[in-house]
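Observations on the three-dimensional arrangement
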Amino acid sequence: MAASVNPDRSEWDVIVLGGAAAGENAAQYATQFSGLDAVLVENALVGGECSYWACMPSKALLRPVEVLDTARHLPGLASVVEGLRLDVDEVLARRDKIVSNLDDAGQVRWALGAGIDVVRGYGRLTGARTIEVTGADGTVRTLIARHAVVLDTGSAASIPPVPGLREALPWTSRDVTNLHEIPRRVVILGGGVVACEAATWLYGLGVDELTLVNRGPQLLAGNEPFAGELVADRLRKAGVTVHAERTMSEVRREDVRDSGVGRIHGGEVKVTLDDGTMLTADEIVVAAGRKPNSDDIGLDKLGVSPGGYVDVDDQQAVRGVGGEWLYAIGDLCGRALVTHMGKYQARIVGEVIAARAKGEQLELGEYGRHTAAAGHRTVPQVTFTDPEVGSAGLTEQQAREQDIDVETVEYDLAALAGTFLLREDYSGRAKLVLDRAKDTIVGATFVGTGIADLVHSATVAIVGKVPVSALWHAVPSYPTPSEVWLRLLETLNADRRGGSA
């Protein structure tokens, strides 16, 4: 059950329940300079969802699709690659390499090398600083934390209560990122990040008939409206059918068999939409949100209601539990369901645990090392669709809902020399949302090929509350997509003067 220098020990300074990327960071930051020791309790693979079933495999599938599509639209390469299709076996083999063939031995070696022990099994809280772990063989052991317990149990795909859907054994995000067979016909339920990215690599890998069913009016609803519109337009041009403002009323699969992760689960699937439209597919992918894994981790033993997101403060400490010893990070706390924010929370938690263990006063100023408030004002994210969608901070609507005196500016990314060099048929847009009274940026959105690295500059500007007057002196490199910063500022200046840029 254990991987440690002393596998029979039962006490550590810090116990991390869940060994995903955020949990690993929490253990590392709690121990690296403090003299504390820690253990990861993991029932599946150390490294978690991001390493094996989400971020890493999905990007491994998307990168070849992006490269080939760019080549098809670049003179000098277009004629060379005309008619070429991806080598699916090679793409999947590289994906398997990136996820280490679903073997976490390397992650375990990292943990042990960092002085962090690993205990295999399913852990539950049974009391203050106490975890009961049930191993695969049914054996049970009790672990005690001298200082803190960190919960990093993550989230799981939600299956909507559509008649027949669950019985049809649909693919979830885990299946579609680890697919081993390319279905000829696929229906995707959802319109968010997972649905849109999956649609992008599925058509790139050769799915003939791809249909996306979205209950909302637009894709990527958490972004500025133009983001979803540009992605939907590109999907339709690629031959994807997009049903907006539609839901499934019934799903039927007569021949049902579980063929394993990433393999077609039986015979063809019949899908009926709420307007009577009938769809037939070889596989259905459910990408309709996630739910926190909080049901069966012992929260009720501490008077905390299970089943929902775990409420935390800006030190990521669980509210309603006395003694400042229990923390929650990552998807479980619901503050931002992206890996990099979970790792940010973990860094804060690790520093907080170490400081409290040494009796140090916490640094809780706006940019104090022991508060996660500043980082959560921004929440950067990149969706690796075609085109890419990157954002940081608030959308215009979100800013208005917070009663901010909103000012906005937009610019056509295709009008830049740097984007024309990337591809001559470039399509994209950029938008800044500003607090007029403070003259600072509170939100930014970029849509287009190669925009991912623009997001961090926006994140720095928002977190640092950089005034527009200072941004004029941040000179972008030419010819790159970062020139959009200058064009946005020029457009803003012209708007303020009542003229044109």
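Scroll up for the structure.
What counts, and where the lines are drawn
- Here the residue numbers are simple positions, counted from 1 along each chain's written sequence.
- Totals for whole chains, interfaces and linings use all residues, but because this is a predicted model, local features are given only for residues with pLDDT of at least 70 and pairs of side-chain atoms are given and counted only at 80 or more.
- To get the side-chain values, all heavy atoms of the structure are used, and hydrogens and water are removed first.
- Here a helix means four or more residues in a row that DSSP labels H or I, a strand means two or more in a row labelled E, and each is numbered from the N terminus.
- Think of it in three bands: residues with accessible area under 20% of the maximum for their type are buried, residues over 50% are exposed, and the middle band is partly exposed, with areas taken using a 1.4 Å probe on protein chains only.
- Any pair of nitrogen or oxygen atoms within 3.5 Å is treated as a polar contact; in protein, a donor-acceptor pairing is required on top of that, and neighbouring residues in sequence qualify only through side-chain atoms on both sides.
- Contacts: residue pairs with any heavy atoms within 4.5 Å of one another.
- Working convention: axes come from line fits to C-alpha atoms, limited for helices to the stretch in contact. Angles between N-to-C directions cover 0 to 180 degrees.
- With respect to orientation, any angle under 35 degrees is reported as roughly parallel, any angle over 145 as roughly antiparallel, any angle of 65 to 115 as roughly perpendicular, and every other angle as oblique.
- By the definition used in this description, the sense in which the near helix is turned from the far one sets the handedness, with an anticlockwise turn below a right angle giving left-handed and a clockwise turn giving right-handed.
- Among the buried residues, those of types Ala, Val, Leu, Ile, Met, Phe, Trp, Tyr and Cys that are joined through side-chain atoms within 4.5 Å form a nonpolar core.
- One bridge is not enough; two strands pair if DSSP finds at least two bridges between them.

Digging into the side chain of R95
As for its position among the elements, R95 is in helix 5 (residues 88–98). Residue class for R95 comes out buried when judged on its relative accessible area of 0%. Here L179 takes part through its backbone oxygen, which lies 3.0 Å from a polar atom of the side chain of R95. In contact with R95, not counting residues within four places along its chain, are P57, A60, L61, T177, N178, L179 and H180.

Things to note about the packing of helix 1 (residues 21–31) against helix 10 (residues 339–357)
In contact at an axis separation of 7 Å, helix 1 and helix 10 are set at 25 degrees when each is read in the N-to-C sense. Considering their axes alone, helix 1 and helix 10 lie roughly parallel with respect to each other. Considering only the axes of helix 1 and helix 10, their crossing is right-handed. Here A21, A22, N25, A26, Y29 and A30 of helix 1 come into contact with helix 10, specifically with T339, G342, K343, A346, R347, G350, E351, I353 and A354.

Quick word on the nonpolar core
Ranked by internal contacts, the top residues of the largest apolar core, which has 38 residues, are L179, I188, W201, L202, L210, L219 and L235. Listed by contribution, the elements that provide at least two residues to this core are helix 3 (55–72), helix 5, strand 9 (185–189), helix 8 (193–204), strand 10 (209–214) and helix 9 (225–237). Counting residues per element, this core draws most heavily on helix 8, at seven residues. Once you skip the residues sitting within four places of it in the chain, L210 turns out to touch V186, I188, A199, L202, Y203, G239, V240 and T241.

Comments concerning the sheet that holds strand 21 (residues 429–435)
Across the sheet, which stays open at both edges, the five strands sit in the order 18-19-22-21-20 with antiparallel pairing between neighbours. The open sheet has two free edges, formed respectively by strand 18 (381–383) and strand 20 (406–412), since each of these has just one partner strand. Averaged over all pairs of adjacent strands, the angle between strand axes in this sheet comes to 15 degrees, irrespective of strand direction. Pairing analysis gives seven bridges linking strand 21 to strand 22 (residues 440–447), with the strands arranged antiparallel. By the bridge assignment for strand 22, R429 is matched with V447. Relative to the sheet, helix 13 (residues 454–463) contacts strand 18, strand 19 (389–393) and strand 22, its axis offset from that of strand 22 by approximately 170 degrees.

Remarks on the environment of R215
By the secondary structure assignment, R215 is in the loop between strand 10 and helix 9. In this structure R215 comes out as exposed when scored by relative accessible area, which is 71%. Note: C-alpha distance between R215 and L189 (26 residues apart in sequence) is 8.5 Å. Apart from residues no more than four positions distant in its own chain, R215 is found in contact with E245, R246 and T247.

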